[in-house]
Amino acid sequence: MPKGYWIARVDVRDTEGYKGYVAAAKPAFERFGAHFLARGGVHEAAEGTARARNVIIEFPSLAAARECYNSPEYQAAKAIRQRFADGEIVLVEGA
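Now for a quick tour of the structure. (Residues numbered from 1 in each chain as written. Predicted model: local features only at pLDDT ≥ 70, side-chain atom pairs only at ≥ 80, totals over all residues. Heavy atoms only, no water.)

### Some remarks on the packing of helix H1 (residues 15-31) against helix H3 (residues 72-84)
The relative placement of two packed helices comes down to the angle between their axes together with the axis-to-axis distance. In plain terms, the rule: The convention used is that axes are lines fitted to C-alpha atoms, helices contributing only their stretch in contact, and that angles between N-to-C directions extend from 0 to 180 degrees. Strands here are runs of E lasting at least two residues and helices are runs of H or I lasting at least four, both read from the DSSP assignment and numbered beginning at the N terminus. For classification, angles of less than 35 degrees are called roughly parallel, those exceeding 145 degrees roughly antiparallel, those between 65 and 115 degrees roughly perpendicular, and all remaining angles oblique. Crossing chirality is assigned from the near helix's rotation relative to the far helix, an anticlockwise turn below a right angle marking it left-handed and a clockwise turn marking it right-handed. Contacts are assigned to residue pairs that have any heavy atoms within 4.5 Å of one another. Residues are grouped as follows: Ala, Val, Leu, Ile, Met, Phe, Trp, Tyr, Cys and Pro are nonpolar; Asp, Glu, Lys and Arg are charged; all remaining types, including Gly, are polar.
Running from amino to carboxyl end, H1 crosses H3 at an angle of 160°, the nearest separation of the two axes being 8 Å. Accordingly, the angle class assigned to the pair H1 and H3 is roughly antiparallel. Relative to H3, the crossing made by H1 is left-handed. Between H1 and H3, the contacting residues are Gly17, Tyr18, Gly20, Tyr21, Ala24, Ala25, Ala28, Phe29 and Arg31 on the first element and Glu73, Tyr74, Ala77, Lys78, Ile80, Arg81 and Phe84 on the second. For the contact of H1 with H3, the class distribution of residues is 10 nonpolar, two polar and four charged.

Below, the structure is given as structure tokens:
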């Protein structure tokens, strides 16, 4: 079964507030077997508009990635994130 991924691109507006999102999201990530492949760090915009923070999270499957995103735990964390950051999250099935 192919793995599933979250690709998140984020501009954090309030670093202290964003820490609350990170803490709130952790239980959902643990529950659905998330493995962080990239979390922030140095990046280079080869095309298009870049965001300051780029995250790639691997899940056991696309279904697990979707279930994590839609879980009550993550939806509560998402509400915090949206107060302190702007961005996009795309769910992708691996090869």
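### Details of the environment of Arg53
Looking at where Arg53 falls in the secondary structure, it is placed in strand S3 (residues 53-59). Along the backbone, Arg53 and Gly41 are 12 residues apart, and their C-alpha atoms lie at a distance of 7.4 Å. Excluding residues within four positions of it along the chain, Arg53 makes contact with Ala8, Arg9, Val10, Val12, Tyr18, Arg39 and Gly40.

### Examining the side chain of Arg51
Convention followed: As used in this structure description, the phrase polar contact means that two N or O atoms lie within 3.5 Å; if the pair is within protein, one of them must be able to donate a hydrogen and the other to accept it, and residues adjacent in sequence are counted only when both atoms belong to side chains.
Inspection of the secondary structure puts Arg51 in the loop between strand S2 (35-39) and S3. Among the polar contacts made by the side chain of Arg51, one reaches the side chain of Glu88 at a distance of 2.7 Å. Once residues lying within four places of it in the same chain are set aside, the contact partners of Arg51 are Arg9, Val10, Asp11, His43, Asp86, Gly87 and Glu88.

### What about a nonpolar patch on the surface?
Using the following cut-off: Patch building starts from residues that exceed 30% relative accessible area and form no salt bridge, then joins like charges within 9 Å and nonpolar side chains (Val, Leu, Ile, Met, Phe, Trp, Tyr) within 5 Å. Under the convention used here, a 1.4 Å probe and the Shrake-Rupley method define accessible areas, while residue burial counts only the protein chains that appear. Within this document, salt bridges are pairs made up of a side-chain nitrogen of Lys or Arg and a carboxyl oxygen of Asp or Glu, the two lying within 4 Å of each other.
Residues Ile7, Leu37, Ile56 and Val90 make up a contiguous nonpolar surface patch of about 310 Å² in total accessible area. Its location among the elements puts Leu37 in strand S2.

### Topic: helix H2 (residues 62-70)
We apply this condition: Only protein chains enter the calculation, and the probe is 1.4 Å; a residue is then buried if its accessible area is under 20% of its type maximum, exposed if over 50%, and partly exposed in between. What the arc measures is the spread of directions leading from the helix axis to the C-beta atoms.
Looking at H2, one finds that the buried residues are Leu62, Ala64, Ala65 and Cys68. Along H2, the residues classed as buried sweep out an arc of 165° about the axis, all on the same side.

### Some details on the nonpolar core
Applied cut-off: Nine residue types can take part in a nonpolar core, namely buried Ala, Val, Leu, Ile, Met, Phe, Trp, Tyr and Cys, and a core is a set of them joined through side-chain atoms within 4.5 Å.
Judged by nonpolar contacts, the single largest core of 18 residues is most densely connected at Trp6, Tyr21, Phe29, Phe59, Cys68 and Tyr74. Those elements that place two or more of their residues in this core are strand S1 (4-12), H1, S3, H2 and H3. Of the residues forming this core, the biggest block, five residues, is contributed by H1.

The quantities given are spatial measurements derived from coordinates; they are silent on function.
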